[in-house]
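Notes for the structure review
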Number of protein chains: 2
Amino acid sequence: MRIAIDAMGGDHAPKEAVEGALAAAREWTDIEVILVGNSAAIEAHLQNKPANLTIRHTEEVIEADDEPVKAVRRKKDASMVVAGRLVKDKEADAMISAGNTGALMTTGLLVVGRISGIERPALAPMLPTIDGSGVLALDLGANMDASAEHLRQYAIMGSIYRNKVHGVAKPRVGLLNVGTEAMKGNELTKAAFPLLEEAPIHFIGNVESREVLRAECDVIVCDGFAGNIMLKSLEGAASVFFSVLKTEFTKSWYSKLAAAILRPGLMNFRKKFDYKEHGAAPLLGLQGLVLKCHGSSDANAFKNAVRQARIALQNDLVGAISAEINHGK
Amino acid sequence: MRIAIDAMGGDHAPKEAVEGALAAAREWTDIEVILVGNSAAIEAHLQNKPANLTIRHTEEVIEADDEPVKAVRRKKDASMVVAGRLVKDKEADAMISAGNTGALMTTGLLVVGRISGIERPALAPMLPTIDGSGVLALDLGANMDASAEHLRQYAIMGSIYRNKVHGVAKPRVGLLNVGTEAMKGNELTKAAFPLLEEAPIHFIGNVESREVLRAECDVIVCDGFAGNIMLKSLEGAASVFFSVLKTEFTKSWYSKLAAAILRPGLMNFRKKFDYKEHGAAPLLGLQGLVLKCHGSSDANAFKNAVRQARIALQNDLVGAISAEINHGK
């Protein structure tokens, strides 16, 4: 299992990526880690390089504010693009990056390439739920518009991911909608509903966005626009709540006392609802494994992404998706 | 100003509707209130009926679980339908109902009728914001799918409503989107953006759902599907948040003490975020004024809806929308 890590992506590059890669290489000796990026910058954070960690030197970097498609096309020696090419050329089985999300999706599409039969790859992060189990949401932004057939493919890919990577035996797949009855929704969800009923998944029907946090399903399927509206509404609400709590907690000396009592429980809750805490998001539907880490990822987040990649590779996630999508063809 | 109230709609019908109507008729002697519903049931809650309050007897009621279109077509003597007909026939200037939302939208469309030039009426509730000012969101569910032209009309209607009813001099209108840059979004928002730029409104560009609670705009425009996803995500997050707080508050005797200190401030916050507290939602684009009260409305909510209707009538909301939509035609 060869895992390429874009060492130059993310807010704390290359330090956190390198330290995470190092920790992962030490913990799992059955993997090979390839750090892709500027070798001098990488080596500055590398002590006692283990045998299963190598460096692939590159000169260029895709910046956070680069225009994704242009950047991927022009910066052919960028660490992200080179990592994608390693996967494409079967020199690596997986790639991990905390860089520019749009550029990573473009790298996935143009460099790694789609699985034959897959119309659109989908970005699939885990959203937090109140019970801590989480729900895989897709598509969360790889494509703003979707067809019913796209949603059907998202559902299949999401279900296989939850099964292969998280060990959920029979993932419950829900369709994000405005009501639970079968005929609710817009033209898209009405067209997708019967396709999901016939798909090789455990489809539980429509799920409203207010129930997503309550872990009503293991996978929630939506177009990228609706998914983004849901995600940012949840984030926005959480941000407002915690800022109000902070105000209430600092109002007076006795509210500060109260805050001291309640803080541990609430911080635990806050951590549970921190989207950064829920691991890397796979970009599903590609010919190799591509994982997107949050831009602010620390070494531990990178190490956890390697853990995720390792499990996905052990269980041949990409092969399973390809086999199911092309079943009977 | 003659205001018809569907006395039979809502969870606490007819008691709360009747008591609210009574309080309103007593407070504002420049209005006439027409309570529409079963006269015996209404009179049971009426003491000392003022001269400006009359009853219009009807036999039928549209129930919460009735199929909207069928119910409106078949139950021609239902209190909601009769209230709509009073508006249509110019026997009333406005109607208020806390009944079945779908049926009320159908009554608006089929009984009251659209303003000439308006393609789709829109349901426009106020969403809470952290500063207490609120944002008018439309469409919130009258139509799941929308065209760019529909969004343009929603924007104009919402802007006029905020100006005429809330006295906002130059309402800031935002387009609900997944990013703030002009070319962000799905096919719909990309097509709507230039139309909104040219519309006779103060268009401030795209607004992300996470910023809505922070009162970045006075009107937020969206299709009914996306609006519903946003609204229910915010509601879901609020519900989870307060249930976690409750758990934390009751964990031990000292957390109960802390809770006692913080409760007033947090209850104030909770009230601010209670969607029921933000008045009735207008159904904009109809030939008469139609206001939807929350199903759980109490007498005070009905009275406040009458207050809203009175201001809208005093400022000729419907005439202003009609004039602007047909301007230059």
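This is a predicted model, so every value here is computed, not measured. (Residues numbered from 1 in each chain as written. Chains lettered and ligands numbered in written order. Predicted model: local features only at pLDDT ≥ 70, side-chain atom pairs only at ≥ 80, totals over all residues. Heavy atoms only, no water.)

Observations concerning the overall build of chain A
Condition: Secondary structure elements are taken from DSSP: a helix is a run of H or I of four residues or more, a strand is a run of E of two residues or more, and numbering for both begins at the N terminus. Computation of the radius of gyration draws on C-alpha atoms alone. For the globule rule, the value is 2.2 Å times the number of residues to the power 0.38. When accessible area is computed with a 1.4 Å probe and restricted to protein chains, residues below 20% of their type maximum are described as buried, those above 50% as exposed, and intermediate ones as partly exposed.
Along the backbone of chain A there are 12 helices and 12 strands. A compact globule built from 329 residues would reach a C-alpha radius of gyration of about 20 Å, and chain A, at 20 Å, matches this within 12%. Here the C-alpha coordinates of chain A stretch approximately 65 × 55 × 35 Å along the principal axes. Out of the 329 residues in chain A, the part that is buried amounts to 57%.

Focus: the domain arrangement of chain A
All names here are of chain A. Quick note on the threshold: As used throughout, domain bounds are those supplied by an automatic or database domain assignment. It only takes one pair of heavy atoms within 4.5 Å for two residues to be counted as in contact. Note: buried area is the sum, over both parts, of the accessible area (probe 1.4 Å) each one loses when the two are combined. Note on definitions: salt bridges are taken to be side-chain nitrogens of Lys or Arg within 4 Å of carboxyl oxygens of Asp or Glu. For this analysis, a polar contact is any N or O atom pair within 3.5 Å, provided that within protein one partner can donate a hydrogen and the other can accept it, and provided that sequence-adjacent residues contribute only side-chain to side-chain pairs. Residue type decides the class: Asp, Glu, Lys and Arg count as charged, Ala, Val, Leu, Ile, Met, Phe, Trp, Tyr, Cys and Pro as nonpolar, and the leftover types, Gly among them, as polar.
Annotation of chain A at the domain level lists domain 1 (1–118 + 285–319 + 325–329) and domain 2 (120–277). With 17 residues of domain 1 in contact, the opposing surface of domain 2 contributes 13 residues. Approximately 1,300 Å² of surface area, both sides summed, lies buried where domain 1 meets domain 2, with 74% of it carried by carbon and sulfur atoms. Viewed at the interface, domain 2 and domain 1 are joined by zero salt bridges. Linking domain 1 with domain 2 are three residue pairs in polar contact (both at pLDDT 80 or more), by the criterion used here. Listing elements by their share of the side of domain 1 that touches domain 2, those giving two or more residues are helix 5 (101–112), helix 11 (299–314) and helix 12 (317–325). In terms of residue class, the side of domain 1 that touches domain 2 is built from eight nonpolar, seven polar and two charged.

Points about the packing of aromatic side chains
We apply this condition: Between the rings of Phe, Tyr and Trp (Trp by its six-membered ring), a pair exists once the centres lie within 6.5 Å; its type follows the angle of the planes, with under 30 degrees stacked, over 60 edge-to-face, and the other angles tilted. Over a ring means this: the NZ of a Lys or the CZ of an Arg is within 6 Å of the ring centre and within 35 degrees of the ring normal.
For the coordinates displayed, the defined rule picks out eight aromatic pairs over all chains. Ring centres of A:Phe193 and A:Phe203 lie 5.1 Å apart, and the angle between their planes is 70 degrees; on these two criteria the pair is classed as edge-to-face. Here A:Phe193 is found in helix 7 (residues 187–198), whereas its partner A:Phe203 is found in strand 9 (residues 202–208), with 10 residues between them in sequence. In terms of burial, A:Phe193 and A:Phe203 fall into one category: buried. Taken together, a centroid distance of 5.6 Å and an interplanar angle of 90 degrees make the contact between B:Trp253 and B:Tyr254 edge-to-face. Exposure remark for B:Trp253: the relative accessible area of 68% places this residue in the exposed category. Exposure remark for B:Tyr254: the relative accessible area of 42% places this residue in the partly exposed category. One aromatic cluster is present, formed by A:Phe241, A:Phe242, B:Phe241 and B:Phe242 through successive ring pairs. The cationic tip of B:Lys303 hangs over the ring face of B:Trp28; the distance from NZ or CZ to the ring centre is 5.8 Å.

Here's the deal with the side chain of B:Gln153
With respect to the element layout, B:Gln153 can be found in helix 6 (residues 148–166). Judged by its relative accessible area of 2%, B:Gln153 is buried.

Re the relation of the copies chain A and chain B
What counts here: To line up the copies, we fit them by least squares on C-alpha atoms, keeping just the residues with pLDDT of at least 70 in both.
Superposition record for chain A on chain B: RMSD 0.1 Å, screw rotation 180 degrees, translation along axis 0.0 Å. With respect to symmetry, the two chain copies, as superposed, fit the operation of a two-fold axis. Every residue of chain A has its C-alpha some distance from the rotation axis, and the shortest such distance is that of A:Ala258, at 2.1 Å. The share of interface residues of chain A whose copies in chain B are also at the interface is 98%, consistent with both copies meeting through the same surface.

Let's talk about the interface of chain A and chain B
Taken together, the 45 residues of chain A in the interface contact 45 residues of chain B. Counting across the interface, chain A meets chain B through four salt bridges. Put simply, B:Glu235 and A:Arg210 hold a salt bridge, and the shortest N to O gap is 2.8 Å. Remark: the boundary between chain A and chain B carries 16 residue pairs in polar contact (both at pLDDT 80 or more). Of all the elements in the fold, those that place two or more residues in the side of chain A that touches chain B are strand 8 (172–177), helix 7, helix 8 (209–212), helix 9 (224–249) and helix 10 (253–272) of chain A. The element contributing the most residues to the side of chain A that touches chain B is helix 9 of chain A, with 20 residues.

Here we look at a nonpolar patch on the surface
So the rule is basically this: What goes into a patch is any residue over 30% in relative accessible area without a salt bridge, connected to like charges within 9 Å or, for nonpolar side chains (Val, Leu, Ile, Met, Phe, Trp, Tyr), within 5 Å. Note that accessible areas follow from Shrake-Rupley with a 1.4 Å probe, and for residues the cover is restricted to the protein chains shown.
Where nonpolar side chains cluster on the molecular surface, the patch consists of A:Val69, A:Leu109 and A:Leu110 and spans about 230 Å² of accessible area. Secondary-structure assignment places A:Val69 in helix 3 (residues 68–74).

A short note on the packing of helix 9 of chain A against helix 10 of chain A
Residue and element names in this part refer to chain A. Counted only if it meets this: Interaxial angles span 0 to 180 degrees and are taken between N-to-C directions of axes, which are lines fitted to C-alpha atoms, for helices over the stretch in contact. Roughly parallel means an angle under 35 degrees; roughly antiparallel means over 145; roughly perpendicular covers 65 to 115; every other angle is labelled oblique. Here is the rule for handedness: rotate from the far helix to the near one, and if that takes an anticlockwise turn smaller than a right angle the crossing is left-handed, while a clockwise turn gives right-handed.
Following both chains from N to C, one finds helix 9 and helix 10 inclined at 160 degrees, their axes separated by 9 Å at the closest point. It follows from the interaxial angle that helix 9 and helix 10 lie roughly antiparallel. Crossing of helix 9 against helix 10: the hand is left-handed. Contact residues: Phe-242, Leu-245, Glu-248 and Phe-249 in helix 9; Ser-255, Lys-256, Ala-259, Arg-263, Leu-266, Phe-269 and Arg-270 in helix 10. Of the residues contributing to the contact of helix 9 with helix 10, the split by class is six nonpolar, one polar and four charged.

With respect to the nonpolar core
A general trend in soluble globular proteins is that nonpolar side chains are found buried together. Keep this limit in mind: Buried Ala, Val, Leu, Ile, Met, Phe, Trp, Tyr and Cys residues that are joined via side-chain atoms within 4.5 Å together make up what is termed a nonpolar core.
Ranked by internal contacts, the top residues of the largest apolar core, which has 66 residues, are A:Ile220, B:Ile220 and B:Phe241. When contributions to this core are tallied by element, the ones reaching two or more residues are strand 7 (135–138), helix 9 and helix 10 of chain A together with strand 7 (135–138), helix 9 (224–249) and helix 10 (253–272) of chain B.

Thoughts on the sheet that holds strand 4 (residues 94–97) of chain A
All names here are of chain A. The test is simple: Strand pairing follows a simple DSSP-based rule, namely that at least 2 bridges must link the two strands.
Taken together, seven strands build an open sheet; the order of strands is 3-2-1-4-12-11-5 and the sheet is mixed. In the strand order of this sheet, the two ends are held by strand 3 (53–57) and strand 5 (122–123), each with one partner. Pairing of strand 4 with strand 12 (residues 289–292) involves four bridges; the strand directions are parallel. When the bridges of strand 12 are listed, Met-95 appears paired with Val-290.

Focus on the environment of B:Val87
Residues and elements named next belong to chain B. Inspection of the secondary structure puts Val-87 in helix 4 (residues 79–88). With a relative accessible area of 3%, Val-87 lands in the buried category. Put simply, Val-87 and Arg-2 are 85 residues apart on the chain and 9.1 Å apart in space, counted from C-alpha to C-alpha. Sequence-distant contacts of Val-87, defined by excluding residues within four places in its chain, comprise Ala-92, Ala-94, Met-95, Val-112 and Gly-288.

Looking at unusual backbone geometry
In this structure, A:Pro14 follows A:Ala13 across a cis peptide bond, with omega equal to -5 degrees. By the element assignment, A:Pro14 lies in the loop between strand 1 (2–6) and helix 1 (15–27). In the Ramachandran plot, B:Lys90 falls in the positive-phi region, its phi being about 60 degrees despite a non-glycine side chain. Mapped onto the secondary structure, B:Lys90 falls in the loop between helix 4 and strand 4 (94–97). Residue class for B:Lys90 comes out exposed when judged on its relative accessible area of 54%. In the Ramachandran plot, B:Asp316 falls in the positive-phi region, its phi being about 45 degrees despite a non-glycine side chain. By secondary structure assignment, the location of B:Asp316 is in the loop between helix 11 (299–314) and helix 12 (317–325).

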